Amino acid sequence: MASPAAAGPGAALPPGAARRDFYWLRSFIAGGVAGCCAKTTTAPLDRVKILLQAHNHHYKHLGVFSTLCAVPKKEGYLGLYKGNGAMMIRIFPYGAIQFMAFDQYKKVIKKQLGISGHVHRLMAGSMAECVFFYFQRKNIIKNGGIVGKLKDRGITAVICTYPLDMVRVRLAFQVKGEHKYMGIIHAFKMIYTKEGGFSGFYRGLMPTVVGMAPYAGFSFFTFGTLKSIGLAQAPNLLGRPSLDNPDVLVLKTHVNLLCGGIAGAIAQTISYPLDVTRRRMQLGAVLPDSEKCLTMVQTLKYVYQQHGIRRGLYRGLSLNYIRCIPSQAVAFTTYELMKQFLHLN
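All values derive from a computational prediction rather than experimental measurement.

Considerations on the overall build of the chain
The helix and strand tally for the chain stands at 16 helices and four strands. Within the chain, residue pairs in contact and separated by at least 24 positions form 72% of the contacts whose partners lie at least 6 positions apart. As presented, the chain carries roughly 15500 Å² of accessible surface, and 66% of it is formed by carbon and sulfur atoms.

Notes on helix α11 (residues 205–233)
For α11, built from 29 residues, the straight-helix expectation of 42 Å at 1.5 Å per residue is met to within 8% by its first-to-last C-alpha distance of 41 Å. Along α11, the largest kink reaches about 35° and is centred on Gly211; proline Pro214 follows within four residues of it.

A look at the layout of surface pockets
The computed volume of the second largest pocket comes to approximately 370 Å³. Along its surface, the second largest pocket is lined by 20 residues, and His57, Phe173, Val286, Leu287 and Pro288 are the ones closest to its centre. It is helix α14 (residues 296–307) that contributes the most residues to the lining of the second largest pocket, three residues altogether. Of the residues assigned to the lining of the second largest pocket, the class counts are eight nonpolar, six polar and six charged.

As for the side chain of Thr334
Structurally, Thr334 can be placed in helix α16 (residues 317–341). Look at Thr334 and you get buried, because its relative accessible area is 14%. Once you skip the residues sitting within four places of it in the chain, Thr334 turns out to touch Val33, Ala34 and Cys37.

Examining the confidence of the model for the chain
Averaged over every residue, the pLDDT of the chain is 77; residues scoring 70 or more account for 78%. Per-residue pLDDT stays below 50 along residues 1–15; that stretch engages in 21 contacts with residues further than four places along the chain or on separate chains. Note that pLDDT drops below 50 for residues 130–155; the model gives that stretch 51 contacts with residues more than four away or on any other chain.

Thoughts on the pattern of salt bridges
For the coordinates displayed, the defined rule picks out nine salt bridges. A salt bridge links Asp165 to Arg168; its shortest N-O distance comes to 3.5 Å. Residue Asp165 and its partner Arg168 are located together in helix α9 (residues 157–173), separated by three residues, close to a single helical turn. Of the two residues, Asp165 and Arg168, neither departs from the other in class, the shared state being buried. Salt-bridge contacts for Arg279 lead to Asp165; the nearest nitrogen and oxygen are separated by 3.3 Å. You can see Arg279 sitting in helix α13 (residues 253–283) and its partner Asp165 sitting in helix α9, a full 114 residues away along the chain. Just as Arg279 is buried, Asp165 falls in that class too.

Here's the deal with empty space enclosed by the protein
Within the structure shown, the criterion is met by three cavities of 30 Å³ or more. Looking at the second largest cavity, the residues that line it are Lys39, Ala43, Asp46, Arg47, Leu80, Tyr81, Lys82, Gly83, Asn84, Met87, Arg168 and Ala172. Those elements giving two or more residues to the lining of the second largest cavity turn out to be α3 (43–53), α5 (84–113) and α9. Among the elements that line the lining of the second largest cavity, the one with the most residues is α3, at three residues.

Notes on the nonpolar core
Within the largest apolar cluster, 20 residues are counted, with the highest numbers of intra-cluster contacts made by Ala30 and Phe99. Elements supplying a minimum of two residues to this core: α2 (23–41), α11, α13 and α16. Ignoring sequence-local partners within four residues, the contact set of Ala30 consists of Tyr335, Met338, Leu342 and Leu344. Grouped together as the second largest cluster of nonpolar side chains are 18 residues, Leu45, Tyr59, Ala70 and Ala172 included.

Side note on the environment of Phe341
Among the structural elements, Phe341 can be located in helix α16. With 99 residues separating them in the primary sequence, Phe341 and Ser242 have C-alpha atoms 9.7 Å apart.

A few points about the environment of Arg26
In this structure, Arg26 sits in helix α2. Sequence separation between Arg26 and His343 is 317 residues; the distance between their C-alpha atoms is 8.3 Å. Of note is the side chain of Arg26, whose polar atom sits 2.8 Å from the backbone oxygen of Leu342.

Thoughts on a nonpolar patch on the surface
Among the surface-exposed residues, Phe218, Leu258, Ile262, Ile266 and Ile270 lie close enough to one another that they form a single nonpolar patch of about 410 Å² accessible area. Among the elements that line the nonpolar patch, the one with the most residues is α13, at four residues. Structurally, Phe218 can be placed in helix α11. Phe218 sits in the partly exposed class, given a relative accessible area of 31%.

Observations regarding the packing of α11 against α13
In contact at an axis separation of 8 Å, α11 and α13 are set at 175° when each is read in the N-to-C sense. In terms of axis orientation, α11 runs roughly antiparallel to α13. Partitioning the contact of α11 with α13 into residue classes produces 15 nonpolar, nine polar and one charged.

Some thoughts on the packing of α3 against α13
The geometry of α3 relative to α13 is characterised by a closest axis approach of 9 Å and an angle of 80° between their N-to-C directions. Taken together, the axes of α3 and α13 are roughly perpendicular relative to one another. Judged by residue contacts, Lys49, Ile50 and Gln53 of α3 engage Tyr272, Asp275, Val276, Arg279 and Arg280 from α13. Grouping the constituent residues of the contact of α3 with α13 by class yields three nonpolar, one polar and four charged.

The rules we used
- Residues numbered from 1 in each chain as written.
- Predicted model: local features only at pLDDT ≥ 70, side-chain atom pairs only at ≥ 80, totals over all residues.
- Heavy atoms only, no water.
- Helix = DSSP H or I, 4+ residues; strand = E, 2+ residues; numbered from the N terminus.
- Contact = heavy atoms within 4.5 Å.
- Areas by Shrake-Rupley, 256 points an atom, 1.4 Å probe, with all protein chains shown as cover.
- Expected span 1.5 Å × (residues − 1).
- Bend = angle between axes of the 7 residues up to and from the residue.
- 1 Å grid on protein atoms, 1.4 Å probe; cavity = no way out; pocket = protein on both sides within 12 Å on 5 of 7 lines; lining within 4 Å.
- Points joined across faces, edges and corners; volume = space filled by probe spheres on them.
- Nonpolar A, V, L, I, M, F, W, Y, C, P; charged D, E, K, R; others polar.
- Buried < 20%, exposed > 50% of the residue type's maximum accessible area, 1.4 Å probe, protein only.
- pLDDT = per-residue confidence, 0-100.
- Salt bridge = Lys/Arg side-chain N within 4 Å of Asp/Glu carboxyl O.
- Core = buried A, V, L, I, M, F, W, Y, C linked by side-chain atoms within 4.5 Å.
- Polar contact = N/O pair within 3.5 Å; in protein donor to acceptor, adjacent residues only side chain to side chain.
- Patch = residues over 30% accessible without salt bridge, like charges linked within 9 Å, V, L, I, M, F, W, Y side chains within 5 Å.
- Axes fitted to C-alpha atoms, helices over the stretch in contact; angles between N-to-C directions.
- Parallel < 35°, antiparallel > 145°, perpendicular 65-115°, else oblique.

In structure tokens:
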């Protein structure tokens, strides 16, 4: 199936040069909008998950739905969105990096390594979570292959946005009447001055790095596989022509939502213990047992010994399914719609 985005050098794209130069920007915007929509949709569930994961003393005796009801009573309905401002600042570039990189890695892996099908989606998803690179199709093949190009243009998406995630978690964990941080800027200043400068912003980075490849890999892999199988087996029932290119078949919106939700649930189950570990480490000095959660292995052992598997390493998983399924569904669906709106197919 031919599409403008995949057209060769000789194809007529008016104006061709400008279309290529701004392809990465349109892709970046599409991914950023998708990430913001997804996180805003599930922000209340994110807040509750953080409170439960780190056993906040106000809510540790409550279950998922009890906490969801208790937060508005104690802190008002806006309390469910604590930390969401920092999340939006973080997630736009992060989502943009992730989705854009996935699309480009998928093309490069297929062209450079000759790997296609399910395997190249799994590889591209894992790589997209780790690395952002400025992609220009006219240069990617010419200048030294995949590894050299990624090193020259790559920067780790997680490292760039991690301090914002740290601040967001600190803001989301504090309860009305016990505020240690007055806002995003104040939290940055406090962490920097009280917790060892820049290194204070990177507590919990190791479990994040270890967990992100399997999470993103299985997420993109599952969605891409379901999408390809659906369009191959039941194109008339599940698919429709793309709005920006009738030659390209895309999933219907409700099918996109379903596939994205399944992808998110599988990926979250695999990587969830590392997410709990990351949150405990990020909260650092805020927790009374912070000295027992200094490293990834130490934190995993401590949480397991104190709370076990179900109430420790997988505490809040049921909420995470409720949160993750609509989050991934909205993210993938919004991205697919933005691709059509910005003529990326």
